[in-house]
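Close look at the chain arrangement
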Amino acid sequence: MNSVQAPASAAGERVDVYLARVLDQPRNRVRNLLRRGLVTAGGSPLKPSYILRGGEEIVYRLPPPPAQRPLPEAGPVPVIHEDDNLLIVDKPAGLIVHPGSGVAGGTLVNRLLHYRPGIAGVGSAERPGIVHRLDAGTTGALAVACNDAAYRRLSRAFAEREVDKVYLGVVYGRPESSEGQIELPIGRDPAVRTRMAVVGAERGGRPALSRYRLLADASGLSLLELRILTGRTHQIRVHCKAIGHPLVGDPTYGESRWRNLEPSLRRPLREFPRPALHALRLTLPGIAGASSRTFTAHVPEDFRTLCQACRLDRGLPIDC
């Protein structure tokens, strides 16, 4: 909900005319909001012909614009596996998974619609085939459903924690224990609404569970294997930050600890352009009678180079 205080100078003016001016909205759209009861004063809906007295607090709600179907766009789709039901993509860094938040094109979904037009409308018109997502800066294995039956099966599997998701992450510091569990609720950061944070249930936090295992450590850095048992937004990034070991390169939850490390490490750490996080393996239950399968996304070159510079590469999987 939003509100605006009508000044004394607005007295005698119709509310639809006034709101169209101050909200910079077409008058017919404002009148539609008024007719739908989305504009109130003192808790009572206002009619378009309401004459302002001046001093009223006008509360209004602007519904989001109707979602537009994404359009097919040519672009590379790095495929790990493909069959009639399922597509496993090795998502590169910098590629947004689906349109939204002001992004209308240039996403993985746009490329998928060009590569495999049959997914249009699978699950939803706005995010066809998408049953989970990776942040723009995160690389690795991502599953796409190719038909409605597969979409329903995979959506249920993610919701019921039947999916095993294994990540690699480079973090600052070394956890006290070589293995551990992070069980902290995650919700919108009350101070910065575009971020997530560890917040209690009373402030909208939802249960979140992650596990980690130390693969290698050197020079004030660690390579971790990370598993998430819930799928909260930015879960690994928030949890790593919460336990004092933020991901290298994370522009939102990271820290500039490279300043205090040995000089040879400062440049590769400072210049790493994204959160050092890679979705390595994805194990999915069987679809249409098939057995469960594990899919692996090879470690990308930038992540491997970072690990080599930080002397953490001995912890990387040999076959990846």
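You'll find the structure just up there.
So, here is what we can say about the structure in this document. (Residues numbered from 1 in each chain as written. Predicted model: local features only at pLDDT ≥ 70, side-chain atom pairs only at ≥ 80, totals over all residues. Heavy atoms only, no water.)

Considering the overall build of the protein
- Helix and strand counts for the protein come out as 7 helices and 15 strands.
- Its C-alpha atoms put the protein at 75 × 50 × 35 Å along the principal axes.
- In the structure as shown, the protein presents an accessible area of about 15900 Å², 48% of it carried by carbon and sulfur atoms.
- Charge-centre separation for the protein: the mean point of 44 positive side chains lies 5 Å from the mean point of 31 negative side chains. (Helix = DSSP H or I, 4+ residues; strand = E, 2+ residues; numbered from the N terminus. Areas by Shrake-Rupley, 256 points an atom, 1.4 Å probe, with all protein chains shown as cover. Lys, Arg positive; Asp, Glu negative; His and termini not counted. Charge placed at Lys NZ, Arg CZ, Asp CG, Glu CD.)

A look at the sheet that holds strand 3 (residues 44–45)
- The sheet built from 4 strands is open, its strands ordered 1-4-2-3 with antiparallel pairing. The open sheet is flanked by strand 1 (2–5) and strand 3, the only strands paired with a single partner. (Pairing = 2+ DSSP bridges.)

What about the packing of helix 1 (residues 15–22) against helix 2 (residues 27–35)?
- Where helix 1 meets helix 2, the closest approach of the two axes is 9 Å, and the angle between their N-to-C directions is 125°. Here helix 1 lies oblique to helix 2, going by the angle between them. The chirality of how helix 1 crosses helix 2 is right-handed. Residue-level contacts link Val15, Asp16, Val17, Leu19 and Ala20 of helix 1 to Arg27, Val30, Arg31 and Leu34 of helix 2. (Axes fitted to C-alpha atoms, helices over the stretch in contact; angles between N-to-C directions. Parallel < 35°, antiparallel > 145°, perpendicular 65-115°, else oblique. Left-handed = near helix turned anticlockwise from the far one by under 90°. Contact = heavy atoms within 4.5 Å.)

A short note on the side chain of Thr230
- Mapped onto the fold, Thr230 is located in the loop between strand 13 (221–228) and helix 5 (235–242).
- The class for Thr230 is buried, based on a relative accessible area of 6%.
- Among the polar contacts made by the side chain of Thr230, one reaches the main-chain amide nitrogen of Leu209 at a distance of 3.0 Å.
- Here Gln235 takes part through its side chain, which lies 2.7 Å from a polar atom of the side chain of Thr230.
- Among residues more than four places away in sequence, those in contact with Thr230 are Arg161, Lys165, Pro207, Ala208, Leu209 and Gln235. (Buried < 20%, exposed > 50% of the residue type's maximum accessible area, 1.4 Å probe, protein only. Polar contact = N/O pair within 3.5 Å; in protein donor to acceptor, adjacent residues only side chain to side chain.)

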